[in-house]
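Report on the structure
Here is what each chain is made of, one letter per residue.
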Amino acid sequence: QVQLVESGGGLVQAGDSLRLSCQASGRTFSTYHMGWFRQAPSKECEFVAGISWSGGSTYYANSVKGRFTISRDNAKDTVYLQMNSLKPEDTAVYYCAATLRPISIYSRDYNSWGQGTQVTVSS
């Protein structure tokens with residue numbers, strides 16, 4: 001399995017931007033499809049964005065499409081989530097996750113997870 005550590009969360013105001021990073025170690029990062037998920041208090045974990053192992057394909061939840069961008073740098077073993085025009089409803093703990101299965105919007109299909117980073121957006 002690959003080990004994942006997220007960073008970059010924080011407290012921002014509505015309309016601000018943040019960039020989350022997820023540093024991988026262990027197994028060969030470039031073979032994994034990667035996803036970002038989030039979980040708000042009392043809510044289910046939800047898919048935010050996904051990227052294929054090569055970076056050639058990306059996927060987004062409708063709620064973040066046009067505002068968030070997922071990218072990866074396989075030379076640095078890192079995946080990023082650029083979040084622009086943040087809204088209070090984006091407040092959640094954000095997790096990155098890795099899978100060797102076909103890229104998926106379902107958390108059950110990912111077998112490596114980071115510890116999460118808190119993003120809080122004030123109105």
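All values reported here derive from a predicted model rather than from experimental measurement. (Residues numbered from 1 in each chain as written. Predicted model: local features only at pLDDT ≥ 70, side-chain atom pairs only at ≥ 80, totals over all residues. Heavy atoms only, no water.)

1. Observations concerning the pairing of strand 1 (residues 2-7)
This is how the line gets drawn: Remark: exposure states derive from per-residue accessible area (1.4 Å probe, protein chains only) relative to the maximum for the residue type, with buried under 20%, exposed over 50%, and partly exposed in between. Starting at the N terminus, helices and strands are each numbered in turn, a helix being any DSSP run of H or I of at least four residues and a strand any DSSP run of E of at least two. Pairs of strands are assigned from DSSP output, requiring at least two bridges between the strands.
Residues Val2, Leu4 and Glu6 of strand 1 are buried on one face, while the alternating residues Gln3, Val5 and Ser7, pointing to the opposite face, are not. Note that strand 1 and strand 3 (residues 18-26) share 6 bridges and pair antiparallel. Bridge pairing in strand 3 links Val2 to Gly26.

2. Some words on the environment of Val93
What counts here: By definition in these notes, contact holds between two residues if any of their heavy atoms fall within 4.5 Å.
Relative to the assigned elements, Val93 resides in strand 9 (residues 92-99). When the C-alpha positions of Val93 and Gln115 are compared, they lie 9.3 Å apart, and in sequence the two are 22 residues distant. In contact with Val93, not counting residues within four places along its chain, are Phe37, Arg38, Gln39, Gly116, Thr117 and Gln118.

3. Comments concerning unusual backbone geometry
Residues other than glycine seldom take positive phi values, yet Ser42 does so here, at roughly 65°. Structurally, Ser42 is set in the loop between strand 4 (33-39) and strand 5 (46-51). Of note in the backbone geometry, Asp77 takes a positive phi value of approximately 55° without being a glycine. Following the sequence through the fold, Asp77 ends up in the loop between strand 7 (68-73) and strand 8 (78-83).

4. Some thoughts on the sheet that holds strand 7
For the record, the criterion: Each axis is a line fitted through C-alpha atoms, and for a helix only the stretch in contact is used; angles between axes span 0 to 180 degrees, taken between their N-to-C directions.
Strands sit in the order 1-3-8-7 across an open sheet of 4 strands; the sheet is antiparallel. The two strands at the open ends of the sheet, each matched to only one other strand, are strand 1 and strand 7. The mean inter-strand angle of the sheet, taken between neighbouring strand axes irrespective of direction, is 20°. Bridge analysis of strand 7 against strand 8 gives 6 bridges, and the strand direction is antiparallel. Of the residues in strand 8, the one forming a bridge with Ser71 is Tyr80.

Don't take any of this as a statement about function, it's just geometry.
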